[in-house]
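Letter by letter, the chains look like this.
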Amino acid sequence: MTWQNWAGTVTADPARRYWPRTADAIADAVRDAAKAGLTVRALGTGHSFTAAAATAGAAVDLSNWTGIVAADAETGLVTVRAGTTLRQLNADLDTLGLAMPNLGDIDAQTISGAISTGTHGTGAALGGIATQVEALELIMADGSLVTVSATQDPDLFAAARISIGALGLIATVTLRCVPRFRLVADERPMPLEEVLEGFHEFAAGHDHFEFYWFPYGRNALVKRNNRVVASSMSARPPAPPAMPGWRRFLEYEVMENAAFGALCRTGRAVPSLVKPLGRVAAATLSARSYSADSHRVFVTPRRVRFVESEYAVPRDAVLDVLAELRAAVPRLAQPVMFPVEIRVAAADDIWLSTAYSRDTAYIAIHQYVGMAYQEYFAVFESIAATVGGRPHWGKMHTLDAERLAALYPKFADFLRVRDRADPGRRFANPYLEQVLGG
Ligand SMILES: Cc1cc2nc3c(=O)[nH]c(=O)nc-3n(C[C@H](O)[C@H](O)[C@H](O)COP(=O)(O)OP(=O)(O)OC[C@H]3O[C@@H](n4cnc5c(N)ncnc54)[C@H](O)[C@@H]3O)c2cc1C
């Protein structure tokens, strides 16, 4: 059966598939594939826009290998099986009184797919999901199981937290979670100029700040989410109430998905309408403020399919990049249907993290499926290149190992660890050949 990713941009026909239910069975799959001379890839939920998971060899589907193995509410350390989706993880953590400190936009991905590509949310003082990893159990190319952490093979740990599956199959992930918390969400339209002017202040002043810029509109949608803290300890006003279910449905399902989907279909059918429709979408944004459990605020449904490219740039360069992009968009031959999303993250120490060693801003560009995106993405890529932009490992880009080596100070160290962990390239695929070399 042909495998396809969420965006429909990548298909593959694995020669064999395995659905292991135990760590031993994952190891058996690797050994069995090796006997047949096949390369091996783990399948997450296919939410990468790149061909990261694609294989013509053996595909190891971990959807039967889910759930929490161990949890310590005192330390917040939680060990989870690799195929667990973030949705299930969030629900299970909730019942333990725990939560992930930060999350991205959606919760459909597996924990191991999310960390392997450097999935992130937003927060100037926070890193991506892989920074929450304290230990990993890996099935290596010979089928052996090794545990890595900051004290057990620290080099392999620094490489394996974000490895695009190049070093082995992750069997379990141990995460450092935090006590469950609520967020106050504040989402409102603001003039783009005002958002850009206040960007660094907003990023520093809110736990989770991001904004969406609608390429042909004057307004941006600004999201500022902050942790609810006991009112006696806080100068912040009291938290607003939860959003009623009907309003959540209306705003997120009807407006952001059904109505926006209809706009997109119209724009795809009649491209000359894209610019006026974009202006309408930006002008009709409304303000909302509510409080909810953290994961309910972080995650929103994304039912309208799109393609995406995202670059991590040094935070200080973000305004220059956006200025260039704003100048370039009106000159594109084909109009842009989707907004641009801007987020932030703290520097971290994971070798292939897009935020390695630098405070980062993420700029994500999108286009509705079925509409031309190539020129737009190429122009964006060339702008990002001028400031040393690093592409998200799971989102569309054309960089190869040579160019990526110049962007990552620890790239050669990663390759050295890869040579040690997988000298025979059992875990290779064409995407890894592109971004890491053979
Ligand atoms: C609608 C949508 C919203 C998104 N939002 C965000 C966002 O907010 N922030 C962000 O940063 N990204 C975002 N992404 C990108 C997404 O988080 C990543 O592409 C992520 O990798 C997808 O996880 P997955 O489970 O689908 O993994 P897949 O795409 O299936 O696989 C990704 C990689 O991980 C490897 N892998 C999976 N499991 C294992 C394992 N057990 N051991 C070793 N390797 C493994 C695969 O082989 C592959 O190389 C979004 C994508 C979509 C489609």
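Structure's up top.
Summary of the structure given here. Small disclaimer: the values here were computed from a predicted structure and weren't measured. (Residues numbered from 1 in each chain as written. Predicted model: local features only at pLDDT ≥ 70, side-chain atom pairs only at ≥ 80, totals over all residues. Heavy atoms only, no water.)

**Some remarks on the site of the ligand**
Put simply, the rule reads: A molecule or strand has a residue near it when one of that residue's heavy atoms lies within 4 Å. Polar contacts, as counted here, are pairs of nitrogen or oxygen atoms within 3.5 Å of one another; within protein the pair requires one atom able to donate a hydrogen and one able to accept it, and residues that are adjacent in sequence qualify only if both atoms are side-chain atoms. Put simply, DSSP H or I for four residues or longer makes a helix, DSSP E for two residues or longer makes a strand, and each gets a number counted from the N terminus. Residues are grouped as follows: Ala, Val, Leu, Ile, Met, Phe, Trp, Tyr, Cys and Pro are nonpolar; Asp, Glu, Lys and Arg are charged; all remaining types, including Gly, are polar.
Residues in close proximity to the ligand total 35 residues, the closest being A42, H47, S48, T110 and T117. In this structure, an oxygen atom belonging to the ligand sits 2.7 Å away from a main-chain N or O atom of H47. Those elements giving two or more residues to the shell around the ligand turn out to be β4 (40–43), α3 (111–116) and β11 (169–176). Looking at the shell around the ligand, the element that brings in the most residues is α3, giving four residues. Along the lines of polarity and charge, the residues of the shell around the ligand split into 13 nonpolar, 18 polar and four charged.

**Comments concerning the pairing of strand β10 (residues 145–149)**
Put simply, the test is: Two strands form a pair only when DSSP identifies at least two bridges running between them.
Looking at chain direction, strand β9 (residues 133–139) and β10 are connected through five bridges and run antiparallel. Bridge pairing in β10 links L136 to V148. Counting the residues in the hairpin turn of β9 and β10 gives five residues, including G143, whose phi is positive at 90°.

**Let's talk about the pairing of strand β15 (residues 219–227)**
Heads up, the condition is: Relative accessibility decides the category of a residue: with a 1.4 Å probe and only protein chains considered, values under 20% of the type maximum give buried, values over 50% give exposed, and everything between is partly exposed.
Of all nine residues that make up β15, seven are buried, and the element is covered over most of its length. As defined by bridge partners, strand β13 (residues 182–191) adjoins β15 across nine bridges and the pair is classed as antiparallel. Residue pairing across strands places D186 opposite R224, the latter belonging to β15. Direction of pairing for strand β14 (residues 208–213) relative to β15: antiparallel, over a ladder of six bridges. What sits directly across from F209, in β15, is R224. Connecting β14 to the next strand, β15, in antiparallel fashion are five residues.

Purely geometric numbers; function is a separate question.
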